[in-house]
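Here's the letter readout for the chains.
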Amino acid sequence: MSGRILVTHSSMPPIEEYIEEIRELWDTHWLTNMGAKHKKFQVQLKEYMGVEQLDLLVNGHMALELTIQAMNLQGEVITTPFTFASTTHAIVRNGLEPVFCDINPQDYTMDVSKLEDLITDRTCAIIPVHVYGNICNIEEIERIAVKYGLKVIYDAAHTFGETYKGKSLGAFGDASCFSFHATKAFNTIEGGMVCYKDREIGERLYNLKNFGIRGPEVVESVGANAKMNEFQAAMGLCNLRHVEMEIAKRRKVTEHYRENLKGIDGIRLNVVQKDVEPNYAYFPVVFDEKAFGASRNEVFFALDKQEISARKYFHPLTNTFDCFHGKFDVNRTPTALHISRRVLTLPLYADLAVEDVDRICEVIRSCKR
Ligand SMILES: *Cc1c(COP(=O)(O)O)cnc(C)c1O
């Protein structure tokens, strides 16, 4: 199939491998409710992540929403608006008030120099985002959280397969929430994972994902339903075997992009962070119209005309969503606003051909004036 280049293209194992993995399900007829695939996937992930405790959920959003709920929080939560809808929605849907901290212009994660000023006696938690897989200033967030007695839940949706100082991103904060959505660097079709520290949080999370049911006649709490099913877990088991290769391929594509777009006035590529082994999940480019001669939107349309789908990821900012009309002042997060008006994430997936990368870069260069 030729034609339009999409921004992403889900990783899938060879079909025979998936069929082999799900074959047992036709013997057992056990399709969900923490079956054999779920258990096996959980064990393998603990090993892969190097953590003691994690749970699997139906998707990344429910991982975030239910982790917040499991912590019994009240009041204000400090977060950033330069993220997917899920982060802010998970806070608001728990009856909590998001307080938006600006991002820093280097790696687009929470600007920790602005964090302490936002803390009030109503603040209960910090929910930072490792956006594009760029790692937040974990040490400083930890220091501030300890000083004020705040919980830290990382939105780690973009970080599967990455390490920071040799550890997986499941090792930090009170909890870290991952997404295994089809569009992510690693997928289980839909899916989510929470790595957590406190055993009690894990117990509550389990109850929240399975109606609070703890035995045939025991319903311990008023839980929801957010279980990962056996077909999802089977997809995860297959994709986990290939994840290192997938990341290596993404790295190649990324390096080809960087080589192609380096040194162009007005184009800013993503940072390379110290102590981080990245997963090459996204390729964000920030256009400075004055220096480049064309705006982000002009580049977006030029690509679109050539059958290339880039994405304005993240635009609009969550604190400007229609559903929050009049609630938040976007001028309090000026850097986030600046970046969201200028950023474009380019197509990136393991099997994106270098010829396609060349074509994409050529269209971008042709916009320069
Ligand atoms: C994808 C994503 C989520 C939500 O994950 P789903 O699995 O799609 O529910 C949360 N936060 C961020 C930053 C994401 O990109």
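The notes below deal with the structure included here. In this text the structure is predicted, and so the values were computed from the model without any measurement. (Residues numbered from 1 in each chain as written. Predicted model: local features only at pLDDT ≥ 70, side-chain atom pairs only at ≥ 80, totals over all residues. Heavy atoms only, no water.)

Brief notes about the pairing of strand β9 (residues 192–196)
Point 1. Within β9, 5 of the 5 residues are buried, which leaves the element mostly enclosed by the surrounding structure.
Point 2. Alternating positions in β9 separate into two faces, Gly 192, Val 194 and Tyr 196 on one and Met 193 and Cys 195 on the other, with burial throughout.
Point 3. The sheet contact formed by strand β1 (residues 54–57) and β9 spans 4 bridges and is antiparallel. Its bridge partner being in β9, Leu 54 is matched across the sheet by Cys 195.
Point 4. Both strand β8 (residues 175–179) and β9 contribute to a ladder of 5 bridges, which runs antiparallel. Pairing of Cys 177 across the sheet is with Val 194, part of β9. (Buried < 20%, exposed > 50% of the residue type's maximum accessible area, 1.4 Å probe, protein only. Helix = DSSP H or I, 4+ residues; strand = E, 2+ residues; numbered from the N terminus. Pairing = 2+ DSSP bridges.)

Topic: the side chain of Lys 37
Point 1. Relative to the assigned elements, Lys 37 resides in helix α2 (residues 36–49).
Point 2. Lys 37 sits in the buried class, given a relative accessible area of 2%.
Point 3. Ignoring anything within four residues of it in the chain, the contact list for Lys 37 reads Glu 21, Glu 24, Leu 25, Glu 230, Ala 233, Ala 234 and Leu 237. (Contact = heavy atoms within 4.5 Å.)

Things to note about the pairing of β8
Point 1. The buried fraction of β8 is high, at 5 of 5 residues.
Point 2. Side chains Ala 175, Cys 177 and Ser 179 project from β8 onto one buried face, and the interleaved Ser 176 and Phe 178 project onto a second face that is buried too.
Point 3. Sheet topology note: the strand β5 (residues 151–155)/β8 ladder contains 3 bridges and is parallel. The partner of Tyr 154 across the bridge, within β8, is Ser 176.

With respect to the pattern of salt bridges
Point 1. Applying the stated criterion across every chain, the model contains 24 salt bridges.
Point 2. The shortest N-O distance in the salt bridge between Arg 4 and Glu 307 comes to 3.6 Å. Note that Arg 4 is positioned in the segment before α1 (15–28) and Glu 307 in the loop between α9 (296–305) and α10 (334–340), a separation of 303 residues in sequence.
Point 3. On the accessibility criterion, Arg 4 (31% relative accessible area) is partly exposed.
Point 4. Take Glu 307: its relative accessible area is 39%, and that puts it in the partly exposed class.
Point 5. Between Glu 21 and Lys 37 there is a salt bridge, with its nearest N and O atoms 2.9 Å apart. Of the two residues, Glu 21 is situated in helix α1 and Lys 37 in helix α2; the sequence distance between them amounts to 16 residues.
Point 6. Since its relative accessible area comes to 6%, Glu 21 is described here as buried. (Salt bridge = Lys/Arg side-chain N within 4 Å of Asp/Glu carboxyl O.)

Re the site of the ligand
Point 1. Around the ligand, the structure places 15 residues, and the nearest of them are His 61, Asp 155, His 158, Ser 179 and Lys 184.
Point 2. Asp 155 places a polar side-chain atom, nitrogen or oxygen, 2.7 Å from a nitrogen atom of the ligand.
Point 3. Here an oxygen atom of the ligand and a side-chain polar atom of His 158 are 2.7 Å apart.
Point 4. Coverage of the ligand by the protein chains reaches 94% of its 380 Å² of free accessible surface.
Point 5. For the shell around the ligand, the secondary structure elements donating two or more residues are α3 (60–70) and α4 (85–92).
Point 6. Here the residues of the shell around the ligand sort into 3 nonpolar, 10 polar and 2 charged. (Near = heavy atom within 4 Å. Polar contact = N/O pair within 3.5 Å; in protein donor to acceptor, adjacent residues only side chain to side chain. Areas by Shrake-Rupley, 256 points an atom, 1.4 Å probe, with all protein chains shown as cover. Nonpolar A, V, L, I, M, F, W, Y, C, P; charged D, E, K, R; others polar.)

Quick look at the packing of α3 against helix α6 (residues 199–209)
In helix packing, the relevant descriptors are the interaxial angle and the interaxial distance, both defined with respect to the helix axes.
Point 1. Across the interface, α3 lies against α6 with an axial gap of 9 Å and an inter-helix angle of 125°. Overall, the two elements α3 and α6 adopt an arrangement that is oblique. When you trace α3 past α6, the crossing you get is right-handed. Touching Leu 66, Thr 67, Gln 69 and Ala 70 of α3 are Ile 201, Arg 204, Leu 205, Leu 208 and Lys 209, all from α6.
Point 2. Residue composition of the contact of α3 with α6, grouped by class: 5 nonpolar, 2 polar and 2 charged. (Axes fitted to C-alpha atoms, helices over the stretch in contact; angles between N-to-C directions. Parallel < 35°, antiparallel > 145°, perpendicular 65-115°, else oblique. Left-handed = near helix turned anticlockwise from the far one by under 90°.)

Some details on α3
Point 1. Of all 11 residues in α3, 9 are buried; the element is thus mostly enclosed.
Point 2. Of the positions making up α3, those classed as buried are Gly 60, Met 62, Ala 63, Leu 64, Glu 65, Leu 66, Thr 67, Ile 68 and Ala 70.
Point 3. Following α3 by one or two positions, Asn 72 adopts a phi angle in the positive range, close to 50°.

Focus on the packing of α3 against α4
Point 1. Their axes nearest at 9 Å, the elements α3 and α4 cross at an angle of 30°. On the basis of their axis angle, the class for α3 and α4 is roughly parallel. Between α3 and α4 lies a crossing of right-handed hand. The residues of α4 that touch α3, namely those facing His 61, Leu 64, Glu 65 and Ile 68, are Ser 86, Thr 87, His 89, Ala 90 and Ile 91.
Point 2. Within the contact of α3 with α4, the residues separate by chemical class into 4 nonpolar, 4 polar and 1 charged.

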